[in-house]
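One-letter residues, chain by chain:
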Amino acid sequence: ETESRQLAAEFEQAKGEARAKAQATVAAQRAKVEAIVGRIDSATKQSKAAFEARLATLHAQLNSARAEQRTRIEARIDEVKATNQARQEKLGEARKHAKAALELTGEAIRV
């Protein structure tokens, strides 16, 4: 019976060590995903600032443009808006996937 208790204690210790190792691995992955979310958020802010600056420049050009230039500048404004929208959607999707990964790592830690 003493040997059985010793084996049970060793098993519990090994189980605890394995759980701690798994939790450390998951926590490391969670930190990586959180860093990715941070980079996505930063890229989103930078992209928005660049978009707004470019749009302001185009509007300034539009205000001082001759009639034949206006059409070209308006087309460029539409192009910049479309490009920005596509980029924001991609960044939004990336952020959504990263957040989902964070949720999964949270679930893994609780298990």
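What you see is a predicted model; the values in this text were computed from it and never measured.

A.B. asks: Kindly report on the overall build of the protein chain, identifying the contributing residues and their values.
C.D. replies: Looking only at helices and strands, the protein chain has 2 helices and 0 strands in total. Considered along the principal axes of its C-alpha atoms, the protein chain spans approximately 95 × 15 × 10 Å. Across the 111 residues in the protein chain, those meeting the buried criterion constitute 18%. Of the contacts made within the protein chain by residues no fewer than 6 positions apart, 72% connect residues no fewer than 24 positions apart.

A.B. asks: Summarise the nonpolar core; cite the residues concerned and give the values.
C.D. replies: Formed by Phe-51, Leu-55, Leu-58, Leu-62, Ala-65, Ile-73, Ile-77 and Val-80, the largest nonpolar core amounts to 8 residues. Within the residue set of this core, elements represented by two or more residues are helix H1 (2-64) and helix H2 (67-110). Considering every element that reaches this core, the biggest residue donor is H1, with 4 residues. Aside from chain neighbours lying at most four places away, what touches Leu-62 is Arg-70, Ile-73, Glu-74 and Ile-77.

A.B. asks: Could you give an account of the environment of Ala-60, with specific residues and numbers?
C.D. replies: Secondary-structure assignment places Ala-60 in helix H1. When the C-alpha atoms of Ala-60 and Lys-96 are compared, they prove to be 35 Å apart, with 36 residues separating the residues in sequence.

A.B. asks: Outline the pattern of salt bridges, listing residues and values.
C.D. replies: The final tally for this structure, using the stated rule, is 7 salt bridges. Between Glu-12 and Lys-15 there is a salt bridge, with the nearest N and O atoms lying 3.7 Å from each other. One end of the pair, Glu-12, and the other, Lys-15, are both in helix H1, 3 residues apart, so they sit about a helical turn from each other. Here Arg-76 and Glu-79 are joined by a salt bridge, their closest N and O atoms 2.7 Å apart. Taken together, the residues Arg-76 and Glu-79, both in helix H2 and 3 residues apart, mark about one turn of the helix.

A.B. asks: Account for the side chain of Asn-84, with residues named and values stated.
C.D. replies: When you line up the elements, Asn-84 lands in helix H2. Under the relative-accessibility criterion, Asn-84 is labelled buried at 13%. Ignoring sequence-local partners within four residues, the contact set of Asn-84 consists of Ser-47 and Phe-51.

The rules behind these values
- Residues numbered from 1 in each chain as written.
- Predicted model: local features only at pLDDT ≥ 70, side-chain atom pairs only at ≥ 80, totals over all residues.
- Heavy atoms only, no water.
- Helix = DSSP H or I, 4+ residues; strand = E, 2+ residues; numbered from the N terminus.
- Buried < 20%, exposed > 50% of the residue type's maximum accessible area, 1.4 Å probe, protein only.
- Contact = heavy atoms within 4.5 Å.
- Core = buried A, V, L, I, M, F, W, Y, C linked by side-chain atoms within 4.5 Å.
- Salt bridge = Lys/Arg side-chain N within 4 Å of Asp/Glu carboxyl O.

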